[in-house]
Amino acid sequence: MATDTDPYALGQSIHMLNGKRWVGGLLKANKQYTMPADDWNEIKNDPEKIKEVLQYFVTQHYQYQLPRILELERYYKGDNDIHFANTNISSSRADNRVTFGFPKFITNTHVGYSVGNPIKFQYNKDDSNDEDLKNALDNFNSRNDESYHEKVMKKNLSITGRAYELEYVKEGTNDVAIRPIDPANAFIVYDSSIEQHSLFGVRYYLIEYMNKPKYYAEVYTDDAIYYFNDGETPGTDLVFDHVDEHYFFGVPLTEYINNDERMGDWEASLDKIDAIDKAVSEMANSQEDFANAILKIIGNFDISDADGEEPKHPQIDRKNAIMWLQPDVQQNIGDNGNTVIQPDVGYVTKDLNVAEWKVYVDLIRAQIHMDTNTPDTSDESFSSNSSGVAILYKLWGSDQERSIQESLYTRGLMRRLRLLGNYLEVTGQIAHAEDVENYQIIYTPNLPKNDQETLQNAQILANLGTESDQTIREVVEKYTGISPETEQQRVDDENKQELNSDPMQKVFNRVQTPDPIKTIDSSKPDQSKPDQSKPDQSKPDQSKPDQSKPDQANSSSTILDKIKGLFGGGK
């Protein structure tokens, strides 16, 4: 993350419960950049004019948007503002800075729940001509470790509210690759139309070696990539280096958003996270101060030395288990009487109301879980013994938010497929780029598994007899982890092996016997003679499948059953 490479911006992002969190407020810190399309089209092929626009937007992003992103990334790593806050605590007191790991817990929970199970790209058109596209997408996903890529993208979305994905061609090949880009280093500029088309994308980053910082910037348009370097500060001193063409026919840098507000999953709860950090830190300070409390002594010490003399300032050894005290007698003022002060020893401590402190912390904690739609797994009622329906009720809020986020994420995935389709078509790997529109994105929430319930549901469907074997296998896939296609192939292989190993097959291969299938079907009308009352059926209807041929997938088991029936074997 960028927090490791940009200490200046990191320093700009430190605030703590003072009502203002980012320079310029949330409006500038999370602004979506736009530019009139006509203005961009006039300069899009001129590197020097592009540099002027680039410097403006990079400066805006660095000053206003980067501090917000860096702070959110810090919180995910547990480096909360409590570590840098000015608490005005005396140097003689404890000053503990304790952070709660809410941001990481919430993000990891949401990411695992949303994409813990791989996303499925289902092609919804039966056409043998599309095999090239399906094979190309399978290879693309395999080469780019697509499953892990989605998790990184969702993590960036959960933390900062946006994620960026760069689609590019590996050098010296025709292989398309994708790479997540840190939100701290990228942004998109859109046109001002209602549809908000991408005009260009920017990736800028800092490389520092031998104490020499150097900024680089890349501008991605719909047909080219412009490279700039030599900047000592972001947005200034950039020098145009070179330009490369690309063949995606669209800006290859894609922005995904977490919600319409482009906010992270726990961003709205930052104040509550700071408050609970502060409360826990104060309790830790109080516990340490109690252990190091000031010793209070009332009375006179019996500390005379061997000569009977008392030192002016007695030396107290706190390690001694016994301390000798004697009452102190003081003469009253104004009369001849005396007052006896009884000796006492104790510590100066502050009374802690632990019960109220716990109520306060639990209240904030519950509010954070509610605001972020994250179930509290430490809750005793959230146990593994709960039924599947009970768990679904607890995840009801998470499901509502997940539904919205999946819709927005699908937009980004489909844009990825369109860019990929454009490149595959222009390089001759597929026939039609628009065929990618036939893909459907399917998400499977990563819920706690109830294997018994899954198998019971599959048994119910099988008993009803209304569902296909394919559907039942799709239900059982959650339990077996085997895809329906692979399971079908295994069943076919087993049936074939059983048929080949059946001794009856050897008998029929040696002895010429009547065809058992024809014997069984002898009671049926002779299909070889046309029925005069019906249309000519001597020729098969080419528009319909040949019904005289058994289905290949079930023919083996059907023939075997009939053969066994002839000899009294039954099934």
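Residues numbered from 1 in each chain as written. Predicted model: local features only at pLDDT ≥ 70, side-chain atom pairs only at ≥ 80, totals over all residues. Heavy atoms only, no water.

**Digging into the overall build of the chain**
Helix and strand counts for the chain come out as 17 helices and 17 strands. Split into buried and exposed, the 571 residues of the chain put 35% on the buried side. A separation of at least 24 residues holds for 68% of the contacts in the chain among residues at least 6 apart in sequence. For the chain, the exposed area adds up to about 34500 Å²; of that, 49% sits on carbon and sulfur atoms. (Helix = DSSP H or I, 4+ residues; strand = E, 2+ residues; numbered from the N terminus. Buried < 20%, exposed > 50% of the residue type's maximum accessible area, 1.4 Å probe, protein only. Contact = heavy atoms within 4.5 Å. Areas by Shrake-Rupley, 256 points an atom, 1.4 Å probe, with all protein chains shown as cover.)

**Concerning the sheet that holds strand 9 (residues 239–245)**
By definition, the strands of a sheet pair up through backbone hydrogen bonds, in either a parallel or an antiparallel sense. Sheet architecture is open: six strands sit in the order 1-5-6-7-8-9, paired in mixed fashion. At either end of the open sheet lies a strand with only one pairing partner, and these are strand 1 (33–34) and strand 9. The pairing of strand 1 with strand 5 (residues 186–190) spans two bridges and is classified as parallel. Within the sheet, the bridge partner assigned to Thr34 lies in strand 5 and is Tyr190. On top of the sheet, helix 4 (residues 47–76) reaches strand 1, strand 5, strand 6 (198–209), strand 7 (212–220), strand 8 (224–231) and strand 9; it is set at about 70° to strand 6, its chief contact. (Pairing = 2+ DSSP bridges. Axes fitted to C-alpha atoms, helices over the stretch in contact; angles between N-to-C directions.)

**Observations concerning the packing of helix 6 (residues 131–143) against helix 11 (residues 396–426)**
Relative placement of two packed helices is described by the angle separating their axes and the distance separating the axes. Where helix 6 meets helix 11, the closest approach of the two axes is 12 Å, and the angle between their N-to-C directions is 115°. As for the relative orientation of helix 6 and helix 11, their crossing is right-handed in sense. Every residue of helix 11 that contacts helix 6 at Ala136, Leu137 and Phe140 is listed here: Arg416, Leu417, Leu420 and Leu424. (Left-handed = near helix turned anticlockwise from the far one by under 90°.)

**Topic: a nonpolar patch on the surface**
Together, Ile207, Tyr209 and Met210 line one region of the surface with nonpolar side chains, adding up to about 350 Å² of accessible area. Counting through the fold element by element, Ile207 comes out in strand 6. The partly exposed category is assigned to Ile207, whose relative accessible area is 36%. (Patch = residues over 30% accessible without salt bridge, like charges linked within 9 Å, V, L, I, M, F, W, Y side chains within 5 Å. Salt bridge = Lys/Arg side-chain N within 4 Å of Asp/Glu carboxyl O.)

**Quick word on the pattern of salt bridges**
Pairs may arise between side chains of opposite charge once their charged atoms sit close together. Enumeration according to the criterion identifies 17 salt bridges in this entry. Across the salt bridge formed by Glu48 and Lys51, the nearest N and O atoms sit 3.5 Å from each other. Taken together, the residues span about one helical turn, with Glu48 and Lys51 both in helix 4 at a distance of three residues. Taking the shortest distance from any N to any O, the salt bridge between Asp399 and Arg402 comes out at 3.1 Å.

**Here's the deal with helix 9 (residues 354–371)**
Taking 1.5 Å per residue as the helical rise, helix 9 with its 18 residues ought to reach 26 Å, and the 26 Å between its terminal C-alpha atoms agrees with that figure. Directly after helix 9, the chain includes Asn373, whose backbone phi takes a positive value near 55°. (Expected span 1.5 Å × (residues − 1).)

**So, unusual backbone geometry**
One non-glycine residue, Asp145, lies in positive phi territory at about 50°. Tracing the sequence through the fold places Asp145 in the loop between helix 6 and helix 7 (146–160). Here the phi dihedral of Arg262 falls at roughly 55°; this positive angle occurs in a residue that is not glycine. Overall, Arg262 belongs to the buried group, its relative accessible area being 5%.

**Quick word on the side chain of Arg473**
Structurally, Arg473 can be placed in helix 13 (residues 469–480). Residue contacts for Arg473: discarding those within four places in its chain leaves Pro484, Glu487, Gln488 and Val491.

**A look at the sheet that holds strand 4 (residues 176–181)**
Ordered in space as 4-3-10, the three strands form an open sheet in which the pairing is antiparallel. Across the chains shown, the open sheet's two edge strands, defined by having one partner strand only, are strand 4 and strand 10 (253–257). This sheet shows a mean twist of 25° between the axes of neighbouring strands, independent of strand direction. As judged from the six bridges shared by strand 3 (residues 162–169) and strand 4, these two strands associate in the antiparallel manner. Counted as the bridge partner of Tyr164 is Ile181 from strand 4. Docked against the sheet, helix 7 engages strand 3, strand 4 and strand 10, running at close to 145° with respect to strand 3.

**Some points on the packing of helix 7 against helix 11**
Where helix 7 contacts helix 11, the axes come no closer than 13 Å and their chain directions differ by 130°. Put simply, helix 7 runs oblique to helix 11. Our pair here, helix 7 against helix 11, has a crossing hand that is right-handed. Of the residues in helix 11, those touching helix 7 at Glu146, His149, Glu150, Met153, Lys154 and Leu157 are Gln405, Tyr409, Leu413 and Arg416. (Parallel < 35°, antiparallel > 145°, perpendicular 65-115°, else oblique.)

**As for the packing of aromatic side chains**
Per the counting criterion, the structure on display carries 14 aromatic pairs. Consider the rings of Tyr33 and Phe57, whose centres lie 5.4 Å apart with planes at 55°: the pair is tilted. In this pair, Tyr33 sits in strand 1 while Phe57 sits in helix 4, placing the two residues 24 residues apart along the sequence. Given a relative accessible area of 6%, Tyr33 falls into the buried group. (Phe/Tyr/Trp six-rings, centres within 6.5 Å; stacked < 30°, edge-to-face > 60°.)

**Considering the confidence of the model for the chain**
Summing up the model confidence of the chain, the mean pLDDT is 81 and the portion of residues at 70 or higher is 77%. Every residue in residues 516–520 scores below 50 in pLDDT, and together they form seven contacts with partners more than four places removed in sequence or on other chains. Below pLDDT 50 for its whole length, residues 537–556 participates in three contacts with residues either more than four positions away or in separate chains. (pLDDT = per-residue confidence, 0-100.)

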